[in-house]
Amino acid sequence: MIRLKNIEKVYRTSTIETLALNSISLEVAKGEFLSIMGPSGCGKSTLLNIMGLLDEPSKGDISVGGESIRDFSDKKIARFRNQKLGFIFQSYHLINDLPVLDNVELPLLYRNVSGDERTRLATEALQKVGLGNRMKHYPSQLSGGQKQRVAIARAIVGNPEIILADEPTGNLDSAMGNEIMEILINLNKQEGTTIVMVTHDENMAKKTSRLVRLFDGSQVL
Ligand code: ADP
Ligand code: ADP
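About the cut-offs
- Along each chain, residues carry numbers from 1 onward, in the same order as the chain's sequence is written.
- For naming, the first written chain is A and the first written ligand is 1, with later ones following in the order written.
- In keeping with the model being predicted, local features are shown solely for residues with a pLDDT of at least 70 and side-chain atom pairs are shown and tallied solely at 80 or more, while totals for entire chains, interfaces and linings include all residues.
- Hydrogens and water molecules were not included; the side-chain quantities draw on all heavy atoms of the structure.
- UniProt positions are given in the numbering used here, feature names are shortened, and annotations may be inferred rather than shown by experiment.
- Where helices and strands are cited, they refer to DSSP runs of H or I of at least four residues and of E of at least two residues respectively, numbered from the N terminus.
- Note that the radius of gyration is over C-alpha atoms, with the globule rule given as 2.2 Å times the number of residues to the power 0.38.
- Whether a residue is buried, partly exposed or exposed follows from its accessible area with a 1.4 Å probe, protein chains only, as a fraction of its type maximum: under 20%, in between, or over 50%, in that order.
- Residues are treated as being in contact if the distance between any of their heavy atoms lies within 4.5 Å.
- Here the positive residues are Lys and Arg and the negative ones are Asp and Glu; neither His nor the chain ends is included.
- Throughout, a charge is located at the NZ atom of Lys, the CZ atom of Arg, the CG atom of Asp or the CD atom of Glu.
- Two strands make a pair as long as DSSP finds a minimum of two bridges between them.
- Note on geometry: axes are C-alpha line fits, over the in-contact stretch for helices, and angles between N-to-C directions span 0 to 180 degrees.

By the naming in an unreviewed UniProt entry, the chain is Putative ABC transport system ATP-binding protein, taken from Pseudarcicella hirudinis. The heading Sequence similarities (unreviewed entry) in the UniProt record of the chain holds the text "Belongs to the ABC transporter superfamily. Macrolide exporter (TC 3.A.1.122) family."

1. Considering the overall build of the chain
Helix and strand counts for the chain come out as seven helices and 10 strands. Its C-alpha atoms give the chain a radius of gyration of 17 Å, within 12% of the compact-globule value 17 Å for 221 residues. Reported as C-alpha extents along the three principal axes, the dimensions of the chain are approximately 45 × 40 × 40 Å. Counting all 221 residues of the chain, 48% fall into the buried class. A sequence separation of at least 24 residues applies to 72% of the contacts in the chain between residues at least 6 apart. Positive and negative charge centroids in the chain, built from 27 and 26 side chains respectively, lie 2 Å apart.

2. Some remarks on the sheet that holds strand S4 (residues 59-64)
Read across the sheet, four strands follow the order S2-S1-S4-S5 without closing on themselves; strand pairing throughout is antiparallel. The open sheet terminates on both sides in strands that have one partner only, identified here as strand S2 (17-28) and strand S5 (67-68). In the sheet, strand S1 (residues 2-12) pairs with S2 via eight bridges, with the strands oriented antiparallel. Paired with Leu-4 across the bridge in S2 is Leu-26. Packing of helix H1 (residues 44-51) onto the sheet brings it into contact with S1, S2 and S4, and relative to S2 it is tilted by some 55 degrees.

Put into structure tokens, the structure is as follows:
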């Protein structure tokens, strides 16, 4: 589904150069639940952002569905990201002055989906994560675990092929973290959604189907 070949990422400022990723080659297969682990600063978020086409590598090649993204226009990349990918972040990234239902409808706004259909799909996504009874609440009225479930509903509302999750349980206690993992595992097993998750929690990583470890920008074999 996503293939990275010899990916290098250098962050440059006028005075500092940081090699964040050093020749990473990695293939994510359809239907797998991959976790990426490693100490803080080893390049996990950089790698996930590159996989999600949110950031460009300094060197190397990325292909999706067999096509190199070098050949994609910016518009095609934006469309791919919107239609095939769903993102989940450690700090939820919800819009606080919109109710839960509107937060979940957001990805559909860019896709010419009618209002009624948006509401139907967002309601269905919220029911899947067990929040059918919180649709009119605002994010500030929810617990951390509930906020992350809203973020999952927003990630799945457009029926993505791949979910990219950056420390989705990082701000949660272990009970709520386990609940979020259960939801992700179900999505992977029942709907066949491919998931790539960054975590520094061995217990969470153990529940996934494959583990990649990074150290200082390189893959640990
Ligand atoms: P992790 O997610 O594993 O904590 P990151 O991918 O965030 O690691 O960062 C990898 C390395 O790249 C770190 O050394 C970090 O300081 C550096 N880095 C990350 N983002 C930037 C940036 N925008 N500018 C400069 N350096 C960065
Ligand atoms: P948890 O124990 O999981 O952290 P909370 O104690 O934060 O959960 O919230 C318990 C319940 O109360 C949740 O279902 C949440 O929706 C509701 N709730 C929390 N804060 C508010 C609020 N400010 N207004 C309305 N409902 C709230």
